[in-house]
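# Reading the structure
Chain by chain, the residues run as shown.
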Amino acid sequence: MAGLDQLLDDEVFRAFASYTTIILLKMMLMSPLTAFHRLTKKVFANPEDCASFGKGENTKKYLRTDDSVERVRRAHLNDLENVVPFVGVGLLYALSRPAPATALLHFRVFAGARLFHTVAYLLPLPQPSRALGFFVGYGVTLSMAGRVLQAALRL
Amino acid sequence: MAGLDQLLDDEVFRAFASYTTIILLKMMLMSPLTAFHRLTKKVFANPEDCASFGKGENTKKYLRTDDSVERVRRAHLNDLENVVPFVGVGLLYALSRPAPATALLHFRVFAGARLFHTVAYLLPLPQPSRALGFFVGYGVTLSMAGRVLQAALRL
Amino acid sequence: MAGLDQLLDDEVFRAFASYTTIILLKMMLMSPLTAFHRLTKKVFANPEDCASFGKGENTKKYLRTDDSVERVRRAHLNDLENVVPFVGVGLLYALSRPAPATALLHFRVFAGARLFHTVAYLLPLPQPSRALGFFVGYGVTLSMAGRVLQAALRL
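Residues numbered from 1 in each chain as written. Chains lettered and ligands numbered in written order. Predicted model: local features only at pLDDT ≥ 70, side-chain atom pairs only at ≥ 80, totals over all residues. Heavy atoms only, no water.

## Digging into the overall build of chain A
Helices and strands together make up the secondary structure of chain A, namely 7 helices and 0 strands. Helices and strands in chain A line up, N terminus first, as α-α-α-α-α-α-α. For a compact globule of 155 residues, the expected C-alpha radius of gyration is about 15 Å, and chain A comes in at 20 Å, more than 25% above that figure. Put simply, chain A has 155 residues, and 55% of those count as buried. Considering only intrachain contacts with a sequence separation of at least 6, the fraction spanning at least 24 residues in chain A is 69%. Total accessible area on chain A stands at roughly 6600 Å², and carbon and sulfur atoms take up 64% of it. Across chain A, 18 positive and 12 negative side-chain charges occur, with their mean positions spaced 5 Å apart. (Helix = DSSP H or I, 4+ residues; strand = E, 2+ residues; numbered from the N terminus. Rg over C-alpha atoms; globule rule 2.2 N^0.38 Å. Buried < 20%, exposed > 50% of the residue type's maximum accessible area, 1.4 Å probe, protein only. Contact = heavy atoms within 4.5 Å. Areas by Shrake-Rupley, 256 points an atom, 1.4 Å probe, with all protein chains shown as cover. Lys, Arg positive; Asp, Glu negative; His and termini not counted. Charge placed at Lys NZ, Arg CZ, Asp CG, Glu CD.)

## So, the relation of the copies chain A and chain B
Structural alignment of chain A on chain B gives an RMSD of 0.0 Å, achieved by rotating through 120° and translating 0.0 Å along the axis. With respect to symmetry, the two chain copies, as superposed, fit the operation of a three-fold axis. (Least-squares fit on C-alpha atoms with pLDDT ≥ 70 in both.)

## Section: the packing of helix α5 (residues 67-94) of chain B against helix α6 (residues 100-122) of chain B
Residues and elements named next belong to chain B. At a minimum axis distance of 10 Å, the contact between α5 and α6 shows a crossing angle of 175°. Considering the angle they form, α5 stands roughly antiparallel to α6. On the side of α5, the interface is formed by R71, V72, R74, A75, N78, D79, N82, F86 and Y93, while α6 contributes T102, A103, H106, F107, F110, R114, H117, T118, Y121 and L122. The residue makeup of the contact of α5 with α6, split by class, is 9 nonpolar, 6 polar and 4 charged. (Axes fitted to C-alpha atoms, helices over the stretch in contact; angles between N-to-C directions. Parallel < 35°, antiparallel > 145°, perpendicular 65-115°, else oblique. Nonpolar A, V, L, I, M, F, W, Y, C, P; charged D, E, K, R; others polar.)

## Description of the interface of chain A and chain B
Facing 34 residues of chain A, the contacting portion of chain B comprises 35 residues. In this assembly, chain A packs against chain B so that about 2900 Å² is buried in total across both faces, 68% of it on carbon and sulfur atoms. Its largest share of buried area at the contact with chain B, chain A owes to A:L92, A:L95 and A:R97, together 18% of the area lost on that side. Put simply, chain A and chain B have 5 salt bridges between them. (Buried area = accessible area lost by both parts, 1.4 Å probe. Salt bridge = Lys/Arg side-chain N within 4 Å of Asp/Glu carboxyl O.)

Put into C-alpha coordinates, the structure is as follows:
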(Lines give C-alpha, C1' and ligand atoms only; values in the text may rest on other atoms or scores of the structure.)
Protein backbone atom coordinates (compact mmCIF):
# COMPACT_ATOMS: atom_id res chain seq x y z
CA MET A 1 0.00 0.00 0.00
CA ALA A 2 2.20 2.78 -1.25
CA GLY A 3 -0.14 5.74 -0.74
CA LEU A 4 -1.62 4.73 2.56
CA ASP A 5 1.75 3.96 4.08
CA GLN A 6 3.11 7.29 3.04
CA LEU A 7 0.49 9.59 4.53
CA LEU A 8 2.11 9.60 7.96
CA ASP A 9 5.53 9.89 6.29
CA ASP A 10 4.59 13.27 4.87
CA GLU A 11 5.82 16.13 7.04
CA VAL A 12 2.70 18.28 6.57
CA PHE A 13 0.28 15.41 7.13
CA ARG A 14 2.13 14.39 10.29
CA ALA A 15 1.87 17.94 11.62
CA PHE A 16 -1.84 17.98 10.75
CA ALA A 17 -2.32 14.66 12.58
CA SER A 18 -0.56 15.93 15.71
CA TYR A 19 -2.33 19.30 15.94
CA THR A 20 -5.76 17.88 15.06
CA THR A 21 -5.42 15.25 17.77
CA ILE A 22 -4.35 17.86 20.32
CA ILE A 23 -7.26 20.16 19.38
CA LEU A 24 -9.77 17.30 19.55
CA LEU A 25 -8.39 16.20 22.94
CA LYS A 26 -8.79 19.77 24.24
CA MET A 27 -12.39 19.78 23.01
CA MET A 28 -13.01 16.41 24.66
CA LEU A 29 -11.85 17.88 27.98
CA MET A 30 -15.02 19.99 28.06
CA SER A 31 -17.17 16.90 28.76
CA PRO A 32 -15.58 15.90 32.09
CA LEU A 33 -15.37 19.61 32.96
CA THR A 34 -19.15 19.89 32.51
CA ALA A 35 -19.62 16.73 34.60
CA PHE A 36 -17.35 18.17 37.33
CA HIS A 37 -19.45 21.35 37.57
CA ARG A 38 -22.68 19.34 37.53
CA LEU A 39 -21.54 17.02 40.33
CA THR A 40 -19.96 19.63 42.61
CA LYS A 41 -22.90 22.02 42.24
CA LYS A 42 -25.62 19.34 42.01
CA VAL A 43 -27.09 20.72 38.79
CA PHE A 44 -28.57 18.11 36.47
CA ALA A 45 -30.51 17.89 33.24
CA ASN A 46 -31.96 14.37 33.73
CA PRO A 47 -34.05 12.97 36.61
CA GLU A 48 -32.03 9.72 36.62
CA ASP A 49 -28.82 11.70 37.23
CA CYS A 50 -30.15 13.10 40.51
CA ALA A 51 -31.31 9.75 41.88
CA SER A 52 -28.10 9.02 43.78
CA PHE A 53 -28.28 12.34 45.65
CA GLY A 54 -30.46 12.00 48.72
CA LYS A 55 -32.72 9.02 48.25
CA GLY A 56 -36.19 9.42 49.64
CA GLU A 57 -36.09 13.19 49.57
CA ASN A 58 -37.24 15.22 46.62
CA THR A 59 -34.40 15.13 44.09
CA LYS A 60 -36.28 17.16 41.48
CA LYS A 61 -34.76 20.30 42.94
CA TYR A 62 -31.45 19.36 41.32
CA LEU A 63 -33.03 19.59 37.84
CA ARG A 64 -31.96 23.15 37.15
CA THR A 65 -29.51 25.22 35.16
CA ASP A 66 -26.44 26.92 36.53
CA ASP A 67 -24.32 29.74 35.12
CA SER A 68 -20.99 27.92 35.37
CA VAL A 69 -22.38 24.72 33.80
CA GLU A 70 -23.96 26.70 30.95
CA ARG A 71 -20.68 28.56 30.40
CA VAL A 72 -18.72 25.32 29.91
CA ARG A 73 -21.47 24.02 27.61
CA ARG A 74 -21.34 27.20 25.48
CA ALA A 75 -17.53 26.90 25.25
CA HIS A 76 -17.95 23.24 24.21
CA LEU A 77 -20.50 24.08 21.49
CA ASN A 78 -18.33 26.92 20.21
CA ASP A 79 -15.45 24.43 19.99
CA LEU A 80 -17.59 22.04 17.94
CA GLU A 81 -18.68 24.83 15.61
CA ASN A 82 -15.06 25.81 14.92
CA VAL A 83 -13.14 22.54 15.22
CA VAL A 84 -15.38 20.69 12.72
CA PRO A 85 -14.55 23.14 9.86
CA PHE A 86 -10.86 23.10 10.89
CA VAL A 87 -10.63 19.29 10.76
CA GLY A 88 -12.56 19.02 7.47
CA VAL A 89 -10.85 21.90 5.66
CA GLY A 90 -7.49 21.14 7.31
CA LEU A 91 -7.45 17.55 6.05
CA LEU A 92 -8.03 18.74 2.49
CA TYR A 93 -5.48 21.51 3.00
CA ALA A 94 -2.86 19.01 4.21
CA LEU A 95 -3.44 17.04 0.98
CA SER A 96 -3.04 20.15 -1.22
CA ARG A 97 0.80 20.22 -1.00
CA PRO A 98 1.23 23.47 0.95
CA ALA A 99 4.72 24.61 1.90
CA PRO A 100 5.55 22.82 5.19
CA ALA A 101 6.46 26.04 7.02
CA THR A 102 3.19 27.72 5.93
CA ALA A 103 1.13 24.69 6.92
CA LEU A 104 2.80 24.43 10.32
CA LEU A 105 2.11 28.11 10.95
CA HIS A 106 -1.61 27.60 10.18
CA PHE A 107 -1.94 24.59 12.49
CA ARG A 108 -0.01 26.22 15.34
CA VAL A 109 -1.88 29.53 15.22
CA PHE A 110 -5.25 27.71 15.14
CA ALA A 111 -4.32 25.48 18.10
CA GLY A 112 -3.05 28.47 20.08
CA ALA A 113 -6.11 30.59 19.26
CA ARG A 114 -8.58 27.88 20.33
CA LEU A 115 -6.67 27.18 23.53
CA PHE A 116 -6.73 30.90 24.32
CA HIS A 117 -10.45 31.04 23.43
CA THR A 118 -11.22 28.30 25.96
CA VAL A 119 -9.17 29.96 28.71
CA ALA A 120 -10.79 33.35 27.93
CA TYR A 121 -14.25 31.76 28.05
CA LEU A 122 -13.83 29.80 31.26
CA LEU A 123 -12.00 32.28 33.51
CA PRO A 124 -13.54 34.55 31.97
CA LEU A 125 -11.16 37.17 30.64
CA PRO A 126 -12.67 40.58 29.77
CA GLN A 127 -13.72 41.05 26.15
CA PRO A 128 -12.43 41.31 23.45
CA SER A 129 -10.10 38.46 24.58
CA ARG A 130 -12.52 35.69 23.68
CA ALA A 131 -13.54 37.42 20.44
CA LEU A 132 -9.86 37.68 19.50
CA GLY A 133 -9.31 33.95 20.06
CA PHE A 134 -12.40 33.21 17.98
CA PHE A 135 -11.49 35.44 15.03
CA VAL A 136 -7.85 34.31 14.81
CA GLY A 137 -8.93 30.64 14.62
CA TYR A 138 -11.70 31.57 12.16
CA GLY A 139 -9.17 33.41 9.96
CA VAL A 140 -6.84 30.38 9.86
CA THR A 141 -9.66 28.14 8.64
CA LEU A 142 -10.67 30.74 6.01
CA SER A 143 -7.06 30.93 4.80
CA MET A 144 -6.85 27.13 4.47
CA ALA A 145 -10.25 27.04 2.71
CA GLY A 146 -8.99 29.56 0.15
CA ARG A 147 -5.97 27.39 -0.58
CA VAL A 148 -8.11 24.20 -0.89
CA LEU A 149 -10.52 25.84 -3.33
CA GLN A 150 -7.59 27.18 -5.35
CA ALA A 151 -6.00 23.70 -5.54
CA ALA A 152 -9.24 21.76 -6.11
CA LEU A 153 -10.66 24.12 -8.73
CA ARG A 154 -7.26 24.44 -10.42
CA LEU A 155 -7.41 28.21 -10.20
CA MET B 1 4.66 10.42 -2.21
CA ALA B 2 2.65 8.81 -4.94
CA GLY B 3 -0.70 8.32 -3.17
CA LEU B 4 -0.79 11.57 -1.28
CA ASP B 5 0.09 13.61 -4.34
CA GLN B 6 -2.62 11.97 -6.35
CA LEU B 7 -5.62 12.56 -4.08
CA LEU B 8 -6.22 16.06 -5.44
CA ASP B 9 -5.57 14.76 -8.97
CA ASP B 10 -8.61 12.51 -8.73
CA GLU B 11 -11.69 14.10 -10.30
CA VAL B 12 -14.13 12.81 -7.66
CA PHE B 13 -11.87 13.75 -4.74
CA ARG B 14 -11.37 17.23 -6.14
CA ALA B 15 -15.14 17.71 -6.42
CA PHE B 16 -15.55 16.43 -2.84
CA ALA B 17 -12.87 18.90 -1.68
CA SER B 18 -14.58 21.84 -3.39
CA TYR B 19 -18.13 21.12 -2.23
CA THR B 20 -17.09 20.19 1.32
CA THR B 21 -15.15 23.44 1.64
CA ILE B 22 -18.12 25.46 0.32
CA ILE B 23 -20.54 23.71 2.70
CA LEU B 24 -18.22 24.24 5.68
CA LEU B 25 -17.77 27.92 4.75
CA LYS B 26 -21.55 28.35 4.61
CA MET B 27 -21.83 26.75 8.06
CA MET B 28 -19.09 29.03 9.38
CA LEU B 29 -21.12 32.05 8.20
CA MET B 30 -23.64 31.31 10.96
CA SER B 31 -21.17 32.44 13.66
CA PRO B 32 -20.77 36.07 12.51
CA LEU B 33 -24.51 36.10 11.73
CA THR B 34 -25.25 35.19 15.35
CA ALA B 35 -22.80 37.87 16.51
CA PHE B 36 -24.47 40.43 14.23
CA HIS B 37 -27.90 39.73 15.76
CA ARG B 38 -26.45 39.79 19.29
CA LEU B 39 -24.72 43.13 18.75
CA THR B 40 -27.53 44.94 16.91
CA LYS B 41 -30.19 43.71 19.37
CA LYS B 42 -27.98 43.81 22.47
CA VAL B 43 -28.76 40.23 23.45
CA PHE B 44 -25.91 38.41 25.19
CA ALA B 45 -25.22 35.11 26.92
CA ASN B 46 -22.19 36.22 28.98
CA PRO B 47 -21.86 39.11 31.48
CA GLU B 48 -18.42 40.07 30.07
CA ASP B 49 -20.01 40.56 26.61
CA CYS B 50 -22.32 43.28 27.92
CA ALA B 51 -19.61 45.25 29.72
CA SER B 52 -18.90 47.59 26.82
CA PHE B 53 -22.57 48.64 26.56
CA GLY B 54 -23.34 51.47 28.92
CA LYS B 55 -20.70 51.51 31.63
CA GLY B 56 -21.96 52.39 35.05
CA GLU B 57 -25.54 51.41 34.30
CA ASN B 58 -26.90 47.96 34.92
CA THR B 59 -25.77 45.84 31.96
CA LYS B 60 -27.37 42.64 33.29
CA LYS B 61 -30.52 43.54 31.37
CA TYR B 62 -28.74 42.50 28.15
CA LEU B 63 -28.36 38.91 29.42
CA ARG B 64 -31.45 37.55 27.71
CA THR B 65 -32.58 35.43 24.80
CA ASP B 66 -34.06 36.71 21.57
CA ASP B 67 -36.10 34.94 18.90
CA SER B 68 -33.91 35.96 15.96
CA VAL B 69 -30.68 35.00 17.78
CA GLU B 70 -32.13 31.63 18.78
CA ARG B 71 -33.29 31.04 15.20
CA VAL B 72 -29.76 31.50 13.80
CA ARG B 73 -28.39 29.26 16.57
CA ARG B 74 -30.90 26.49 15.72
CA ALA B 75 -29.97 26.76 12.02
CA HIS B 76 -26.29 26.52 13.01
CA LEU B 77 -26.84 23.43 15.16
CA ASN B 78 -28.91 21.78 12.43
CA ASP B 79 -26.04 22.44 10.04
CA LEU B 80 -23.58 20.78 12.41
CA GLU B 81 -25.88 17.75 12.83
CA ASN B 82 -26.08 17.27 9.06
CA VAL B 83 -22.73 18.51 7.76
CA VAL B 84 -20.70 16.26 10.11
CA PRO B 85 -22.23 13.03 8.67
CA PHE B 86 -21.87 14.43 5.12
CA VAL B 87 -18.16 15.19 5.56
CA GLY B 88 -17.41 11.85 7.27
CA VAL B 89 -19.47 9.64 4.95
CA GLY B 90 -18.63 11.78 1.90
CA LEU B 91 -14.86 11.37 2.41
CA LEU B 92 -15.23 7.58 2.52
CA TYR B 93 -17.62 7.74 -0.44
CA ALA B 94 -15.11 9.77 -2.48
CA LEU B 95 -12.53 7.03 -1.79
CA SER B 96 -14.91 4.23 -2.89
CA ARG B 97 -14.43 4.88 -6.63
CA PRO B 98 -17.96 6.06 -7.50
CA ALA B 99 -18.76 7.09 -11.07
CA PRO B 100 -17.70 10.78 -11.33
CA ALA B 101 -21.11 11.93 -12.65
CA THR B 102 -22.96 10.14 -9.82
CA ALA B 103 -20.59 11.54 -7.20
CA LEU B 104 -20.90 15.07 -8.56
CA LEU B 105 -24.70 14.78 -8.47
CA HIS B 106 -24.59 13.74 -4.79
CA PHE B 107 -22.31 16.63 -3.79
CA ARG B 108 -24.26 19.24 -5.77
CA VAL B 109 -27.69 18.17 -4.50
CA PHE B 110 -26.44 18.14 -0.90
CA ALA B 111 -24.88 21.60 -1.21
CA GLY B 112 -28.03 23.00 -2.83
CA ALA B 113 -30.32 21.39 -0.25
CA ARG B 114 -28.36 22.75 2.72
CA LEU B 115 -28.17 26.22 1.20
CA PHE B 116 -31.93 26.15 0.66
CA HIS B 117 -32.42 24.86 4.23
CA THR B 118 -30.52 27.83 5.64
CA VAL B 119 -32.46 30.35 3.54
CA ALA B 120 -35.76 28.66 4.46
CA TYR B 121 -34.80 28.74 8.16
CA LEU B 122 -33.63 32.33 8.31
CA LEU B 123 -36.28 34.15 6.25
CA PRO B 124 -38.30 31.99 7.25
CA LEU B 125 -40.16 30.37 4.35
CA PRO B 126 -43.43 28.61 5.19
CA GLN B 127 -43.17 24.89 5.88
CA PRO B 128 -42.58 22.37 4.37
CA SER B 129 -39.76 24.36 2.67
CA ARG B 130 -37.25 23.83 5.46
CA ALA B 131 -38.30 20.19 5.93
CA LEU B 132 -37.76 19.61 2.21
CA GLY B 133 -34.23 21.06 2.35
CA PHE B 134 -33.50 18.89 5.36
CA PHE B 135 -34.79 15.62 3.87
CA VAL B 136 -33.09 16.05 0.49
CA GLY B 137 -29.71 16.57 2.18
CA TYR B 138 -30.43 13.68 4.55
CA GLY B 139 -31.26 11.42 1.60
CA VAL B 140 -27.99 12.25 -0.17
CA THR B 141 -25.98 11.25 2.91
CA LEU B 142 -27.99 8.02 3.25
CA SER B 143 -27.33 7.19 -0.40
CA MET B 144 -23.58 7.77 0.03
CA ALA B 145 -23.60 5.70 3.25
CA GLY B 146 -25.20 2.79 1.38
CA ARG B 147 -22.47 2.90 -1.25
CA VAL B 148 -19.68 3.08 1.39
CA LEU B 149 -21.05 0.08 3.31
CA GLN B 150 -21.37 -1.85 0.04
CA ALA B 151 -17.76 -1.07 -0.91
CA ALA B 152 -16.26 -1.54 2.55
CA LEU B 153 -18.10 -4.78 3.35
CA ARG B 154 -17.45 -6.09 -0.20
CA LEU B 155 -21.18 -6.76 -0.66
CA MET C 1 -3.97 6.32 -8.67
CA ALA C 2 -2.07 3.84 -6.58
CA GLY C 3 -2.64 5.28 -3.11
CA LEU C 4 -6.21 6.38 -3.51
CA ASP C 5 -7.28 3.09 -4.99
CA GLN C 6 -5.73 1.16 -2.19
CA LEU C 7 -7.33 2.88 0.80
CA LEU C 8 -10.46 0.72 0.67
CA ASP C 9 -8.26 -2.35 0.02
CA ASP C 10 -6.66 -1.94 3.41
CA GLU C 11 -8.29 -4.16 6.04
CA VAL C 12 -8.08 -1.57 8.83
CA PHE C 13 -9.31 1.30 6.66
CA ARG C 14 -12.25 -0.80 5.45
CA ALA C 15 -13.22 -1.58 9.05
CA PHE C 16 -12.91 2.12 9.92
CA ALA C 17 -15.15 3.00 6.95
CA SER C 18 -17.83 0.49 7.99
CA TYR C 19 -17.95 1.38 11.68
CA THR C 20 -17.76 5.14 11.08
CA THR C 21 -20.66 4.94 8.63
CA ILE C 22 -22.73 2.88 11.08
CA ILE C 23 -21.99 5.31 13.94
CA LEU C 24 -22.85 8.34 11.78
CA LEU C 25 -26.10 6.66 10.62
CA LYS C 26 -27.06 6.00 14.26
CA MET C 27 -26.38 9.68 15.05
CA MET C 28 -28.47 10.75 12.05
CA LEU C 29 -31.40 8.71 13.44
CA MET C 30 -31.73 11.27 16.24
CA SER C 31 -33.08 13.91 13.81
CA PRO C 32 -36.23 12.02 12.70
CA LEU C 33 -36.64 10.85 16.31
CA THR C 34 -36.74 14.48 17.45
CA ALA C 35 -39.21 15.28 14.67
CA PHE C 36 -41.39 12.32 15.69
CA HIS C 37 -41.60 13.56 19.29
CA ARG C 38 -42.27 17.13 18.11
CA LEU C 39 -45.09 16.05 15.78
CA THR C 40 -46.81 13.56 18.11
CA LYS C 41 -46.63 15.91 21.09
CA LYS C 42 -47.11 19.14 19.14
CA VAL C 43 -44.03 20.82 20.59
CA PHE C 44 -42.27 23.21 18.25
CA ALA C 45 -39.42 25.70 18.27
CA ASN C 46 -40.50 27.78 15.24
CA PRO C 47 -43.81 29.59 14.59
CA GLU C 48 -43.87 28.41 10.96
CA ASP C 49 -43.76 24.77 12.16
CA CYS C 50 -47.04 25.17 14.06
CA ALA C 51 -48.95 26.76 11.20
CA SER C 52 -50.40 23.52 9.87
CA PHE C 53 -51.90 22.62 13.27
CA GLY C 54 -55.29 24.19 13.72
CA LYS C 55 -55.58 27.09 11.31
CA GLY C 56 -57.41 30.06 12.64
CA GLU C 57 -56.87 29.17 16.27
CA ASN C 58 -53.91 30.39 18.25
CA THR C 59 -51.00 28.13 17.31
CA LYS C 60 -48.48 29.96 19.49
CA LYS C 61 -49.35 27.55 22.30
CA TYR C 62 -47.33 24.86 20.51
CA LEU C 63 -44.14 26.94 20.86
CA ARG C 64 -42.90 25.24 23.99
CA THR C 65 -40.33 22.79 25.28
CA ASP C 66 -41.03 19.21 26.28
CA ASP C 67 -39.01 16.79 28.41
CA SER C 68 -38.96 13.96 25.86
CA VAL C 69 -37.97 16.28 22.99
CA GLU C 70 -35.20 17.84 25.08
CA ARG C 71 -33.97 14.37 26.07
CA VAL C 72 -33.53 13.31 22.42
CA ARG C 73 -31.83 16.62 21.67
CA ARG C 74 -29.38 16.16 24.55
CA ALA C 75 -28.60 12.63 23.33
CA HIS C 76 -28.03 14.03 19.82
CA LEU C 77 -25.66 16.76 21.05
CA ASN C 78 -23.76 14.26 23.20
CA ASP C 79 -23.38 12.09 20.08
CA LEU C 80 -21.97 15.05 18.13
CA GLU C 81 -19.53 15.88 20.95
CA ASN C 82 -18.19 12.31 20.97
CA VAL C 83 -18.54 11.14 17.37
CA VAL C 84 -16.64 14.14 15.93
CA PRO C 85 -13.44 13.30 17.90
CA PHE C 86 -13.89 9.60 17.05
CA VAL C 87 -14.14 10.25 13.30
CA GLY C 88 -11.23 12.73 13.27
CA VAL C 89 -8.87 10.77 15.52
CA GLY C 90 -10.06 7.41 14.10
CA LEU C 91 -9.22 8.41 10.52
CA LEU C 92 -5.67 9.33 11.55
CA TYR C 93 -5.47 6.16 13.67
CA ALA C 94 -6.54 4.01 10.69
CA LEU C 95 -3.68 5.58 8.70
CA SER C 96 -1.10 4.88 11.46
CA ARG C 97 -0.74 1.17 10.62
CA PRO C 98 -2.23 -0.32 13.80
CA ALA C 99 -2.50 -4.10 14.16
CA PRO C 100 -5.80 -5.07 12.46
CA ALA C 101 -7.11 -6.99 15.49
CA THR C 102 -6.37 -4.04 17.82
CA ALA C 103 -7.98 -1.56 15.44
CA LEU C 104 -11.10 -3.71 15.03
CA LEU C 105 -11.41 -3.97 18.81
CA HIS C 106 -11.27 -0.16 19.14
CA PHE C 107 -13.93 0.42 16.47
CA ARG C 108 -16.26 -2.29 17.80
CA VAL C 109 -16.06 -1.21 21.42
CA PHE C 110 -16.71 2.43 20.46
CA ALA C 111 -19.71 1.53 18.30
CA GLY C 112 -21.14 -0.71 21.02
CA ALA C 113 -20.57 1.89 23.74
CA ARG C 114 -22.30 4.70 21.79
CA LEU C 115 -25.23 2.45 20.89
CA PHE C 116 -25.60 1.54 24.55
CA HIS C 117 -25.28 5.23 25.52
CA THR C 118 -28.18 6.14 23.23
CA VAL C 119 -30.39 3.32 24.55
CA ALA C 120 -29.50 4.24 28.15
CA TYR C 121 -30.31 7.92 27.45
CA LEU C 122 -33.61 7.38 25.68
CA LEU C 123 -35.28 4.68 27.81
CA PRO C 124 -33.77 5.91 30.24
CA LEU C 125 -31.80 3.26 32.15
CA PRO C 126 -30.81 4.11 35.73
CA GLN C 127 -27.39 5.65 36.19
CA PRO C 128 -24.49 4.81 35.95
CA SER C 129 -25.57 3.03 32.71
CA ARG C 130 -25.33 6.13 30.54
CA ALA C 131 -22.12 7.29 32.24
CA LEU C 132 -20.60 3.85 31.54
CA GLY C 133 -21.47 4.06 27.84
CA PHE C 134 -20.00 7.55 27.70
CA PHE C 135 -16.71 6.70 29.45
CA VAL C 136 -16.06 3.50 27.47
CA GLY C 137 -16.43 5.40 24.17
CA TYR C 138 -14.34 8.26 25.55
CA GLY C 139 -11.59 5.82 26.56
CA VAL C 140 -11.48 4.28 23.08
CA THR C 141 -10.94 7.71 21.49
CA LEU C 142 -8.22 8.55 24.05
CA SER C 143 -6.45 5.26 23.30
CA MET C 144 -6.53 5.96 19.53
CA ALA C 145 -5.33 9.54 20.15
CA GLY C 146 -2.33 8.21 22.10
CA ARG C 147 -1.41 5.94 19.21
CA VAL C 148 -1.77 8.76 16.63
CA LEU C 149 0.44 11.13 18.63
CA GLN C 150 3.00 8.37 19.07
CA ALA C 151 3.06 7.66 15.31
CA ALA C 152 2.92 11.31 14.17
CA LEU C 153 5.52 12.60 16.60
CA ARG C 154 7.75 9.54 15.97
CA LEU C 155 7.95 8.81 19.70
